[in-house]
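Architecture at a glance
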Amino acid sequence: MEMFDGLKTRKFKITATAFALLIAGILLLALPVGIAEAEQKKQETEHYCLSCHGDPDLNMELADGETLSLYISPGTMESSVHSQAGIECEACHTEIKSYPHPEIEYRNKRELSRSYYLACRKCHSANYEKTLDSIHADVAEAGDMDSPVCTDCHGAHSVQALDQPRSVVSTTCGSCHEKVFDQYSDSVHGGALMDEDNQDVPLCTNCHGVHNISDPGSPQFHTSSPDLCAGCHADTELMEKYGLSSNVYDLYELSWHGVDVAVYKAMWPTIRHESAVCTDCHGIHNMLSAQDPNSMVHPDNLLNTCQKCHPDAGPNWTSAWTGHHEISFERTPYLFYVEQFYLTFSRLVLWLSIAYVGLQLLRSIVNRARRVSQ
Amino acid sequence: MNHELKVEKQQAGNGVRIEKTFDRFTLGQRWEHLLVLVSVGVLILTGLPQKYRGAEWSQQILSTPERLDSIRQVHHFAAIILLLVGLYHVGHNLYLLLKRSLPADIFPDRDDFRDAWGMIKYLLFFSREKPSYWKYNFEQKFTYWFIFITLAVMGVTGIIIWFPIPVTQLLPGAVIPASKLAHSTEAIVLTVFILIWHVYHVHLERLNLSIFNGRLSETEMRENHALEYERILKENENIPGPQEKEIEAG
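Notes on the overall build of chain B
A tally of helices and strands in chain B yields 10 helices and 3 strands. The helix and strand sequence of chain B, counted from the amino end, reads β-β-α-α-α-α-α-α-α-α-β-α-α. Looking at chain B as a whole, 38% of its 250 residues qualify as buried. Put simply, of all contacts in chain B between residues at least 6 apart along the chain, 64% involve residues at least 24 apart. Of the roughly 14,700 Å² of accessible surface on chain B, 64% is carried by carbon and sulfur atoms.

Right, dumping it as structure tokens:
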């Protein structure tokens, strides 16, 4: 490029940009045409299969006596993301190539789901791999066949985008985790999601992960859970929107509990500790605003909450807790005075010691030098 | 106690030299200092990793949860030793003071302010001579009282954060975080003070081992406690020691 002068370089750039725009334009024009063509041309197999499977009465009996419906609602099928993207029945039903179909050997519906879902892996291998590390996989390995597979959350023929509206995610989890879902729906997070389609509050997956959901009962999860909360509650912009303080996490880390947890997090994440994390005081799925009279940290309930770990604590105990507030004269006068005192006193002692000892040292060096020179 | 004149014979080369020594600390006081030294040292060494639990160096020391527990136990054990020494020290010395068998040398008086001013003038080259001192100079009194008050604060705040639940049966809860802040900050102030001020005065300025062996030599007395030295000599004028005449080597 050094050989070209500036003008030539610019000309070249203009030409290149124009060319790129042209290509992009052609592609943009061609794209909808391509999709329209796909919609018209493809899904031939789908229509063919639905000519039988569109019959609501079509079913068969499995070995265990369960009745398996073979009906696929054409409406659901056509609105699914796969059908829209031009993916045909045989993409998943790889063994069915002709009629009559090969014999079904699954004894019951669950066995069928747990085998058929492996078809997802062909295209969604990364997410499939993640599920292998999840607690759902662990539970299945331990023998619980009800543990969910891809299709249990995403649907089989009815696969839809999971975030329209956002609450679909949480209600999906709630279809099995009913108790937790009820608590969540009443919480400050879940309430805002259900009632006003809030776009900021956490869904189940924001804290638990999506495909590689880990065991929330593990010491690691407990120890690192404040980081989950901090993901939103240390975000100044987000917290200002709701009039909340964004340094609760920083102040927690300096607190007795937080310092204790920090050591465990750094050194012994797999060992269970007794120091409180956010959820131990605020609740987990039933978390409420601290101003809510039912909140575990509302002044009326705080002593009860403390007593979960400090059973002998008396009524004065709660005022020992500074409540994620910075030291201030209004809120924590004792701490304020101690801090103010030491701000002056520590520096005074340090600098007076250094100054006095420094002068003594200087004087003794001068004395020695004088003695030598005499 | 007062400095007491003692005359010791010391073998030096071919001749025998007579050396006067001056008792400065009783055996009891020396033991007290040793216990304070060891327990405060242990308290600082076991306290710092607890204070700085968030820091990596501290987490290396705390290596296991059991280690954290045992460090805390050692801290509490040393605290009990220090508390007992402190109670003994205050009780014993109050008793001696009331019995009038302990001169009140350690208490600050007007002379100390004059001496401090004199010392500052000397250090800033406005004066050629250091002030002359009695048994304890103002630096030594300052050291004693600074550490005395600091340890009292450490003791009170330490007990508060050691037994927060019983304490809050009587006192407002706010004393707990306040004590924790005071305990953890005062500890650093004390450490800095000992490392800079005390270590300089007893090791670097001159090696003063009197707190361990209990005595000062005549030279040390003359140079550093001139007023006290003269007073003792005057007191002892009429009682000449039997060995004071020089003895030829045999």
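Considerations on the pattern of salt bridges
Pairing is possible between side chains of opposite charge, provided their charged atoms come close. Residue and element names in this part refer to chain B. Enumeration according to the criterion identifies 11 salt bridges over all chains in this entry. Among the salt bridges present, the one from R231 reaches E228, with a minimum N-O distance of 3.0 Å. With R231 and E228 both in helix 10 (residues 226-236) and 3 residues apart, the pair spans about one turn of that helix. With relative accessibility at 22%, the residue R231 sits in the partly exposed group. E228 sits in the buried class, given a relative accessible area of 2%. Residues joined by salt bridges that share partners form a network here, namely D109, D112 and K141.

Quick look at the interface of chain B and chain A
Contact residues are listed per partner, giving 46 residues for chain B and 44 residues for chain A. Summing both sides of the interface, chain B and chain A together bury roughly 3,800 Å²; the carbon and sulfur share of this comes to 71%. The largest share of the area that chain B buries against chain A comes from L123, F125 and Y200 of chain B, three residues that together contribute 16% of it. Put simply, chain B and chain A have 1 salt bridge between them. Salt-bridge contacts for D260 of chain A lead to R53 of chain B; the nearest nitrogen and oxygen are separated by 2.8 Å. Top element by residues in the side of chain B that touches chain A is helix 7 (residues 175-204) of chain B. It accounts for 16 residues. Residue composition of the side of chain B that touches chain A, by class: 30 nonpolar, 9 polar and 7 charged.

Focus on the side chain of E32 of chain B
All names here are of chain B. By the element assignment, E32 lies in helix 1 (residues 27-51). Buried charged residue E32 carries no salt bridge. Nearest counter-charge: R30, at 11 Å. Those residues within four positions of E32 in sequence are excluded, and the remaining contacts are V85, Y88 and H89.

Here we look at the packing of helix 1 of chain B against helix 7 of chain B
All names here are of chain B. Where helix 1 contacts helix 7, the axes come no closer than 11 Å and their chain directions differ by 130 degrees. On the basis of their axis angle, the class for helix 1 and helix 7 is oblique. In the crossing of helix 1 with helix 7, the sense of the turn from one axis to the other is left-handed. Of helix 7, the residues touching helix 1 (which contributes H33, V40, I44, L48 and K51) are S184, T185, I188, L190, T191, I194 and H198. Tallied by class, residues from the contact of helix 1 with helix 7 come to 6 nonpolar, 5 polar and 1 charged.

Here's the deal with the confidence of the model for chain B
Residue and element names in this part refer to chain B. Within chain B, residue pLDDT values average 83, and 88% of them lie at 70 or more. Here strand 1 (residues 4-12) is the element of chain B with the lowest mean pLDDT, 58, and helix 5 (residues 138-162) is the one with the highest, 93. This model gives residues 242-250 a pLDDT under 50, and the stretch forms 7 contacts once residues within four places in sequence are excluded. For this predicted complex, the interface score ipTM comes out at 0.79, while the overall pTM is 0.76.

Details of the packing of helix 1 of chain B against helix 3 (residues 65-98) of chain B
All names here are of chain B. Relative to each other, helix 1 and helix 3 sit at 150 degrees, their axes nearing to 9 Å. Considered as vectors, helix 1 and helix 3 are oriented roughly antiparallel to each other. For the crossing formed where helix 1 meets helix 3, the hand is left-handed. Counting all contacts with helix 1, which are made through E32, L35, V36, S39, V40, V42, L43, T46, G47 and Q50, the residues of helix 3 involved are I71, R72, V74, H75, A78, A79, I81, L82, V85, Y88 and H89.

Re helix 17 (residues 256-267) of chain A
Over its 12 residues, helix 17 of chain A runs 17 Å from end to end, which matches the ideal 16 Å to within 8%, given 1.5 Å per residue. Looking at the packing, one finds that the buried side of helix 17 of chain A touches helix 14 (219-233) and helix 16 (248-254) of chain A together with helix 2 (56-61) and helix 3 of chain B.

Some thoughts on unusual backbone geometry
Residues and elements named next belong to chain A. Here Y99 and P100 are connected by a cis peptide whose omega angle stands at 0 degrees. Here P100 is to be found in the loop between helix 4 (81-84) and helix 5 (109-116). Not every positive phi belongs to a glycine, and D197 is a case in point at roughly 50 degrees. Mapped onto the elements, D197 comes out in the loop between helix 12 (188-196) and helix 13 (204-208). On the basis of relative accessibility, which here comes to 35%, the residue D197 falls in the partly exposed class.

Looking at a negative patch on the surface
Residues and elements named next belong to chain A. A cluster of acidic side chains, namely E129, D133, D138, E141 and D215, defines a negative patch on the protein surface. Take E129: it is sitting in helix 7 (residues 125-132). Relative accessible area serves as the criterion here: at 44%, E129 is assigned to the partly exposed category.

As for the state of the cysteines
Here a disulfide denotes a covalent bond joining the sulfur atom of one cysteine to the sulfur atom of another. Residue and element names in this part refer to chain A. Per the stated rule, a full pass over the model turns up 0 disulfides over all chains. No disulfide involves C176; its sulfur sits 7.2 Å from the nearest other cysteine sulfur, which is in C153. The thiol sulfur of C278 is not disulfide-bonded, and the nearest other cysteine sulfur, from C229, lies at 3.8 Å.

A closer look at the confidence of the model for chain A
Looking at chain A, the pLDDT average stands at 85 and 89% of residues meet or exceed 70. Across residues 1-7 of chain A, confidence stays below pLDDT 50; counting only partners more than four residues off in sequence or on other chains, it has 2 contacts.

Quick word on a nonpolar patch on the surface
Residues and elements named next belong to chain B. There is a patch of nonpolar side chains on the surface, built from L27, W31, L34, L35, L37, V38, L207, L209 and F212 and spanning about 840 Å² of accessible area. No other element matches helix 1, which puts 6 residues into the nonpolar patch. Relative to the elements of secondary structure, L27 occurs in helix 1.

Structural notes on the packing of aromatic side chains
What the rule picks out here adds up to 24 aromatic pairs over all chains. A ring pair is formed by F336 of chain A and Y337 of chain A, whose centres lie 5.8 Å apart and whose planes are at 70 degrees; its orientation type is edge-to-face. The rings of F341, Y342, F345 and Y356 of chain A together with F138, F142, F146, F193 and W197 of chain B are connected pair by pair, giving a single aromatic cluster. Cation over ring: K180 of chain B sits above W256 of chain A, and NZ or CZ is 5.0 Å from the ring centre.

What counts, and at which threshold
- Residues numbered from 1 in each chain as written.
- Chains lettered and ligands numbered in written order.
- Predicted model: local features only at pLDDT ≥ 70, side-chain atom pairs only at ≥ 80, totals over all residues.
- Heavy atoms only, no water.
- Helix = DSSP H or I, 4+ residues; strand = E, 2+ residues; numbered from the N terminus.
- Buried < 20%, exposed > 50% of the residue type's maximum accessible area, 1.4 Å probe, protein only.
- Contact = heavy atoms within 4.5 Å.
- Areas by Shrake-Rupley, 256 points an atom, 1.4 Å probe, with all protein chains shown as cover.
- Salt bridge = Lys/Arg side-chain N within 4 Å of Asp/Glu carboxyl O.
- Buried area = accessible area lost by both parts, 1.4 Å probe.
- Nonpolar A, V, L, I, M, F, W, Y, C, P; charged D, E, K, R; others polar.
- Lys, Arg positive; Asp, Glu negative; His and termini not counted.
- Axes fitted to C-alpha atoms, helices over the stretch in contact; angles between N-to-C directions.
- Parallel < 35°, antiparallel > 145°, perpendicular 65-115°, else oblique.
- Left-handed = near helix turned anticlockwise from the far one by under 90°.
- pLDDT = per-residue confidence, 0-100.
- Expected span 1.5 Å × (residues − 1).
- Patch = residues over 30% accessible without salt bridge, like charges linked within 9 Å, V, L, I, M, F, W, Y side chains within 5 Å.
- Charge placed at Lys NZ, Arg CZ, Asp CG, Glu CD.
- Disulfide = S-S within 2.5 Å.
- Phe/Tyr/Trp six-rings, centres within 6.5 Å; stacked < 30°, edge-to-face > 60°.
- Lys NZ or Arg CZ within 6 Å of the ring centre and 35° of its normal.

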